[in-house]
Amino acid sequence: MVDIPYQPGRVAAASTRRKRSGLAAMMHRKSTIAFLMALPLLVLIGVLVVYPALYAIHLSTLNKTMQRFVGFGNFQFLFKRDTFWLVVQQSCLFAITAVFFKALLGFIVAHFVHNVPAKGQRKWRGMLLVPWVIPPAMSTLAWLWLFDPSYSAFNYTLGLFGAGPIPWTGDAAWARFSVILVNIWYGAPFFMIMYLAALKSVPEQLYEAASIDGANWWQRLWYVTLPMMRNIIAITTLFSLIVTFANFDIVRILTAGGPLDHTHIFATWAFRIGIEGSDIPLGASVSLFMLPILAVAAIFILRDINKRGNES
């Protein structure tokens, strides 16, 4: 039997090589690389989203002076107020109506641009994206001047045809119509550009096969276009629903929640109670009430997307 002398240098070198090979193998995994690349974004989301959300939950359990724990007392107080349920109704009406018409208008305009010759598409895309590019506060100010009770351009135009002036922001029904109209004008270009990208990804062979089978334009739309765009439509609708529910600029600038709180939505009423009313915990409770509504919508939409993914 031959004795082999112990060589600590070789053992250390072998151990270092094993560590390096293990680290190299870990770095070659796609999941590890993806996690490391997404880590800065995850940290940013944690700082700007998760922490404020947890702090808002903490605030909603305190009294007005933020000195005493009241549990669900703020929510119980809100549930007894008629204005709160009016805000819930208006927020749902505002978000669902605006998202529906934004999706419908974006779908129609996307088909129009898609059928424009390639040379002219860039010009049309640029012009139609202008409402979405302009900051909402600035564009809403322009709409406020159009709705002005004394110098309204809309009322002036109606007067040329003998129609009476409309109280665009002075009547509850017309005020709701006005804020929904402005939101549609601002958000429809986003749907248009998303749907246009989805339309360009639909293979032309599918349309050719449908035409050979004798399908008309409606059948091609229903059986070819819509099934190929369903995931994009669902994701875009969910994203827009979240953004529309949390909208603040349009209602705040156009009506400030009036007349008589008939156009308040969650964001503006939370601002009215929390900032202007100096009741931060109650305002936080109002804003948190959006969470269960949006969570239910997200569950249904994402489950439908996942179901179609498993079927395919």
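Keep in mind that this is a model prediction, so the values were computed, not measured.

Procedures and definitions
Residues numbered from 1 in each chain as written. Predicted model: local features only at pLDDT ≥ 70, side-chain atom pairs only at ≥ 80, totals over all residues. Heavy atoms only, no water. Helix = DSSP H or I, 4+ residues; strand = E, 2+ residues; numbered from the N terminus. Areas by Shrake-Rupley, 256 points an atom, 1.4 Å probe, with all protein chains shown as cover. 1 Å grid on protein atoms, 1.4 Å probe; cavity = no way out; pocket = protein on both sides within 12 Å on 5 of 7 lines; lining within 4 Å. Points joined across faces, edges and corners; volume = space filled by probe spheres on them. Nonpolar A, V, L, I, M, F, W, Y, C, P; charged D, E, K, R; others polar. Domains from an automatic or database assignment. Phe/Tyr/Trp six-rings, centres within 6.5 Å; stacked < 30°, edge-to-face > 60°. Buried < 20%, exposed > 50% of the residue type's maximum accessible area, 1.4 Å probe, protein only. Axes fitted to C-alpha atoms, helices over the stretch in contact; angles between N-to-C directions. Parallel < 35°, antiparallel > 145°, perpendicular 65-115°, else oblique. Left-handed = near helix turned anticlockwise from the far one by under 90°. Contact = heavy atoms within 4.5 Å. UniProt positions renumbered as here; feature names shortened; annotations may be inferred. Salt bridge = Lys/Arg side-chain N within 4 Å of Asp/Glu carboxyl O.

Details of the overall build of the protein chain
A count of helices and strands for the protein chain gives 15 helices and 0 strands. When the accessible surface of the protein chain is summed, it comes to about 19600 Å², and 70% of that surface belongs to carbon and sulfur atoms.

Comments concerning the layout of surface pockets
Roughly 370 Å³ of internal volume is contained in the largest pocket. Among the elements that line the lining of the largest pocket, the one with the most residues is helix H2 (residues 30-59), at 6 residues. Residues that form the lining of the largest pocket fall into these classes: 10 nonpolar, 1 polar and no charged. Two domains each provide a minimum of three residues to the lining of the largest pocket, namely domain 1 (21-59) and domain 2 (74-308). By volume, the second largest pocket amounts to about 320 Å³.

Focus: the packing of aromatic side chains
Inspection of the entire model under this criterion finds 30 aromatic pairs. Here phenylalanine 79 and phenylalanine 84 contribute two aromatic rings whose centre-to-centre distance is 5.8 Å and whose plane-to-plane angle is 50°, an arrangement assigned as tilted. On the accessibility criterion, phenylalanine 79 (39% relative accessible area) is partly exposed. The exposure class assigned to phenylalanine 84 is buried, which follows from its relative accessible area of 0%. Where phenylalanine 100 meets phenylalanine 101, the ring centres are 5.2 Å apart and the plane angle is 85°; that geometry is what we call edge-to-face.

Section: the packing of H2 against helix H14 (residues 280-288)
Contact geometry of H2 with H14 gives a least axis separation of 8 Å together with a crossing angle of 120°. Accordingly, the angle class assigned to the pair H2 and H14 is oblique. Crossing of H2 against H14: the hand is left-handed. Facing Ala56, Ile57 and Leu59 of H2, the residues of H14 in contact are Ile280, Pro281, Ala284 and Leu288. The residue makeup of the contact of H2 with H14, split by class, is 7 nonpolar, no polar and no charged.

Concerning the side chain of threonine 268
Relative to the elements of secondary structure, threonine 268 occurs in helix H13 (residues 266-276). In contact with threonine 268, other than residues within four places in its own chain, are Phe248, Val251 and Arg252.

Brief notes about the UniProt feature "transmembrane region" (unreviewed entry) in the protein chain
The residues that UniProt annotates with the feature "transmembrane region" (unreviewed entry) are residues 33-57, 93-114, 126-146, 174-197, 232-254 and 280-302. This span, residues 126-146, is 86% helix and 0% strand, and a straight line between its end C-alpha atoms measures 24 Å. The span residues 174-197 is 100% helical and 0% strand by assignment, and the distance between its end C-alpha atoms comes to 35 Å.

What to know about empty space enclosed by the protein
If you walk through the whole model with that rule in mind, you get 1 cavity of 30 Å³ or more. Counted as a void, the largest cavity has a volume near 60 Å³. What lines the largest cavity is Gln90, Leu93, Phe94, Arg176, Val179, Ile180, His262, Thr263 and Ile265. Going through the elements one at a time, helix H4 (82-114) and helix H9 (172-200) are the ones with two or more residues in the lining of the largest cavity. Of the residues belonging to the lining of the largest cavity, the class tally is 5 nonpolar, 3 polar and 1 charged.

As for the pattern of salt bridges
Throughout the structure, instances matching the rule amount to 3 salt bridges. One salt bridge connects arginine 252 with glutamate 276, and the closest N-O pair in it is separated by 2.7 Å. Here the residue arginine 252 occupies a position in helix H12 (residues 249-254), and glutamate 276 occupies one in helix H13, the gap between them amounting to 24 residues. Residue class for arginine 252 comes out partly exposed when judged on its relative accessible area of 26%. By relative accessible area, glutamate 276 is classed as partly exposed at 41%. One connected set of salt bridges, linked through shared partners, spans Arg252, Asp261, Arg272 and Glu276.

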